[in-house]
Amino acid sequence: MSDETPQAGDLLVRIGAIMFLVGAAATLATVTPLFIGTHPLPSAFYWVCMLMGLGFLIAATGVVRSAAAQRRQAEAASEGSAPSAPSSPSAM
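The notes below deal with the structure included here.

Rules used in this analysis
- Residues numbered from 1 in each chain as written.
- Predicted model: local features only at pLDDT ≥ 70, side-chain atom pairs only at ≥ 80, totals over all residues.
- Heavy atoms only, no water.
- Axes fitted to C-alpha atoms, helices over the stretch in contact; angles between N-to-C directions.
- Helix = DSSP H or I, 4+ residues; strand = E, 2+ residues; numbered from the N terminus.
- Parallel < 35°, antiparallel > 145°, perpendicular 65-115°, else oblique.
- Left-handed = near helix turned anticlockwise from the far one by under 90°.
- Contact = heavy atoms within 4.5 Å.
- Nonpolar A, V, L, I, M, F, W, Y, C, P; charged D, E, K, R; others polar.
- Expected span 1.5 Å × (residues − 1).
- Buried < 20%, exposed > 50% of the residue type's maximum accessible area, 1.4 Å probe, protein only.
- Patch = residues over 30% accessible without salt bridge, like charges linked within 9 Å, V, L, I, M, F, W, Y side chains within 5 Å.
- Areas by Shrake-Rupley, 256 points an atom, 1.4 Å probe, with all protein chains shown as cover.
- Salt bridge = Lys/Arg side-chain N within 4 Å of Asp/Glu carboxyl O.

**Overview of the packing of helix α1 (residues 10-36) against helix α3 (residues 51-81)**
Two packed helices can be described by the angle between their axes and the distance between those axes.
Phase 1 of the analysis: Close contact between α1 and α3 brings their axes to 7 Å; oriented N to C, the two are set at 160°. Taken together, the axes of α1 and α3 lie roughly antiparallel to each other. The crossing of α1 and α3 is left-handed. Packed against α1, whose contacting residues are D10, L12, V13, G16, A17, M19, F20, V22, G23, A24 and T27, the element α3 presents L51, M52, L54, G55, F56, I58, A59, T61, G62, V63, R65 and S66 at the interface.
Phase 2 of the analysis: Per-class residue counts for the contact of α1 with α3 are 14 nonpolar, seven polar and two charged.

**Details of the side chain of T30**
Phase 1 of the analysis: Note that T30 resides in helix α1.
Phase 2 of the analysis: Those residues in contact with T30 that lie beyond four places of it in its chain are L41, F45, Y46 and C49.

**Here we look at α3**
Phase 1 of the analysis: In this model, α3 (31 residues) spans 45 Å end to end at C-alpha, consistent with the 45 Å of a helix rising 1.5 Å per residue.
Phase 2 of the analysis: Within α3, the full set of buried residues consists of G55, A59, G62, S66, A68 and A69.
Phase 3 of the analysis: Buried residues belonging to α3 abut α1.

**What about α1?**
Phase 1 of the analysis: Helix length check: α1, at 27 residues, gives a terminal C-alpha distance of 39 Å against a target of 39 Å (1.5 Å per residue), a fit within 8%.
Phase 2 of the analysis: Every buried residue belonging to α1 is among G16, M19, G23, A26, T30 and P33, and all of these are buried.
Phase 3 of the analysis: On the buried face of α1, the contacting elements are α2 (43-49) and α3.
Phase 4 of the analysis: Directly after α1, the chain includes G37, whose backbone phi takes a positive value near 85°.

**What about the environment of L12?**
Phase 1 of the analysis: With respect to the element layout, L12 can be found in helix α1.
Phase 2 of the analysis: Separated by 45 residues in sequence, L12 and L57 place their C-alpha atoms 9.7 Å apart.
Phase 3 of the analysis: When residues no more than four places from it in sequence are discounted, the contact partners of L12 are I58, A59, T61, G62 and R65.

**Remarks on the side chain of S66**
Phase 1 of the analysis: Examined against the element boundaries, S66 turns out to sit in helix α3.
Phase 2 of the analysis: Judged by relative accessible area, which is 13%, S66 ranks as buried.
Phase 3 of the analysis: If near-sequence neighbours (up to four positions away) are discounted, S66 is found in contact with Q7, A8 and D10.

**Here's the deal with a nonpolar patch on the surface**
Phase 1 of the analysis: Among the surface-exposed residues, F20, L21, F56 and L57 lie close enough to one another that they form a single nonpolar patch of about 430 Å² accessible area.
Phase 2 of the analysis: Counting only elements with at least two residues in the nonpolar patch, the list comes to α1 and α3.
Phase 3 of the analysis: Considering the arrangement of structural elements, one finds L21 in helix α1.
Phase 4 of the analysis: Overall, the relative accessible area of 57% leaves L21 in the exposed class.

Below, the structure written as C-alpha cells:
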C-alpha cells in the first residue's frame with residue numbers, strides 16, 4: 001500500500017483500468033472462437049467488448065484531471081513562494 005494521499009483522478013484511472021481489462025478479456029473470448037472454428041459467442045459478449053474503449057476514455061479523463069490538479073497546486077505553490085517585486089521610487 002502506498003503512503004501517498006489520493007490525488008484527483010486516481011479513482012477514475014483505477015476504474016478505467018479495470019473496465020479496460022474486462023473489455024480486453026471479453027475481446028479475447030469473443031475472437032477466440034473465430035480462430036478455432038467453433039460457433040461464435042452471443043452478441044452480448046460483443047457489447048461487453050466495448051468496455052475496453054470506455055475504460056480507456058475514463059482512465060484518460062482521470063489522467064487529465066490529475067494533471068490539471070497538479071498544475072493548479074504547482075501554480076499556487078509558486079505564487080506563495082515568489083518574492084514580491086520591489087516598488088519603484090515614484091518621481092515627484
